[in-house]
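Below are the chains, spelled out letter by letter.
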Amino acid sequence: MLLTSRGRRIGGRVALGLVSTAVLGVTGFAWTQLSRLDEAIVTADVIAPSAQVPDGPAGEPLKVAQNILLVGIDSRTDTNGNPLPQNVLDALHAGSGDDGGDTTDTMIVVHIPAGGAGATAISIPRDSYVDIAGGFGKHKINSAYSRGKNAAMTTLRAQGLSGPQLEVKANEAGAKLTIQTIEQFTGLSINHYAAVNLAGFSALSEAVGGVEVCLNNPVQDKFSGASFPAGKQLLSGPQALAFVRQRHGLPSDLDRIARQQAFLSSMAKTVLDAGTFTDPTRLSSLIGAIRGSVVLDRGWDVLSFAQQLRGMSSGALKFQTIPVQSLSLPTPSDGDAVKVDPAEVKAFVKSALNATSVAAVGDPTGGIGIKPVAATSSIAAPPSSSGASTPTAMAGCVN
């Protein structure tokens, strides 16, 4: 379950980038294509040397457990710092920078244990009210990126940087502060980082030929561009973006969370099970989308990483979310936020990562009661003391 704010945000798009990147080592053709990816993907110097993990022997399973931070950035620039064309923003119903920008609207920590056969993805609500690293005080956790970026701008400009180069270096500062804040909040050491911007989610969903979703009721929302009938349907591009982005007309943000979770699960199954790696056209499109959409930490050997995850199946990806105490905590300067207890969160994370079992595809999910369509298991955090309500499942569909 992925918890988001009331803002017009995109949820979950980065996890698609990780899933897509991590499983490309299945065939010889796929391996050749992944080499093409490795040569051109954008990287950022954001992981501290103390958190870097050594590459394992080629072709052997992961020797060391790893934590990967996936973020979706509500950015109006591409991976190289260039502004996205207005026609692209219009097609995506992105709005202006005032509708959100340079904040991490999605934060997921993916834990892959030694062996690499299964993974646990832990979502962090973007409005969680936490201590921001670097002495910035207590704010919503999604603001760590923009605070780190903005603080670096003055120094970088004094060094003579401008334009796309300034944007890229400032983004690195934002990523570093985000990583430090999440490490401080969860007690985990982040070993790798992957980020996707606004246009990336649309491109990735198109590249795999669409993702199957299911809705309980028809929806119509002019803000996100969502316009869908009830029932099962295949979505890609701007439609997929609208599906996970819609907030108007839903009973609560928890229904939006259920959508994002179901989409990600179905996306994982699509990439892993649907012949993506044996279809030259589809695989080439996927590689192209990743190259233009994803930023990885510098030093991450994706070739070796993908090869080490060859044993992962679509049933080996489990989603959870940290426990929350309230969805409407009043704050002095940040509006309503999500109330969380850092000690409770650390204990939950430790417990979640100590669990060794991974639910099979199609098993009923816990907590939120959602059984994603053609999806891997989605497991929510244990209910917290606030007793926050959760949406009710209906025949595998979502609101």
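Going by the structure above, here's the rest.
Residues numbered from 1 in each chain as written. Predicted model: local features only at pLDDT ≥ 70, side-chain atom pairs only at ≥ 80, totals over all residues. Heavy atoms only, no water.

A. Summary view of the pattern of salt bridges. Per the stated rule, a full pass over the model turns up 5 salt bridges. Note that Lys149 and Glu167 form a salt bridge whose closest N and O atoms lie 2.4 Å from each other. Taken together, the residues Lys149 in helix α4 (residues 143-158) and Glu167 in helix α5 (residues 163-186) connect sequence positions 18 residues apart. A relative accessible area of 1% places Lys149 in the buried class. Where Glu172 meets Lys169, a salt bridge forms, and the shortest distance between an N and an O atom there is 3.3 Å. In this pair, Glu172 and Lys169 are both assigned in helix α5, 3 residues apart and thus about one turn of the helix distant. (Salt bridge = Lys/Arg side-chain N within 4 Å of Asp/Glu carboxyl O. Helix = DSSP H or I, 4+ residues; strand = E, 2+ residues; numbered from the N terminus. Buried < 20%, exposed > 50% of the residue type's maximum accessible area, 1.4 Å probe, protein only.)

B. Representation of the pairing of strand β8 (residues 211-215) in the model. With 4 of 5 residues buried, β8 is to be regarded as a mostly interior element. Taken together, the 5 bridges between β8 and strand β11 (residues 231-235) define a ladder with antiparallel strand orientation. Considered in β11, the bridge of Val211 is made with Leu235. (Pairing = 2+ DSSP bridges.)

C. Inspection of the packing of aromatic side chains at higher detail. Summed over the entire model, instances satisfying the criterion amount to 2 aromatic pairs. Here Phe228 and Phe243 contribute two aromatic rings whose centre-to-centre distance is 6.2 Å and whose plane-to-plane angle is 65°, an arrangement assigned as edge-to-face. Remark: Phe243 occurs in helix α7 (residues 237-245) and Phe228 occurs in strand β10 (residues 226-228); sequence separation between them is 15 residues. Considered together, Phe228 and Phe243 belong to a single accessibility category, that of buried residues. Both rings, one in Phe243 and one in Phe263, keep their centres 6.1 Å apart while their planes meet at 40°; by these two values the pair is tilted. One end of the pair, Phe243, is in helix α7; the other, Phe263, is in helix α8 (residues 253-273), and 20 residues separate them in sequence. For the pair Phe243 and Phe263, one class covers both residues: buried. Of the aromatic side chains, those joined through ring pairs into one cluster are Phe228, Phe243 and Phe263. Over the ring of Phe243 we find Arg259; its NZ or CZ atom is 5.0 Å from the centre of that ring. (Phe/Tyr/Trp six-rings, centres within 6.5 Å; stacked < 30°, edge-to-face > 60°. Lys NZ or Arg CZ within 6 Å of the ring centre and 35° of its normal.)

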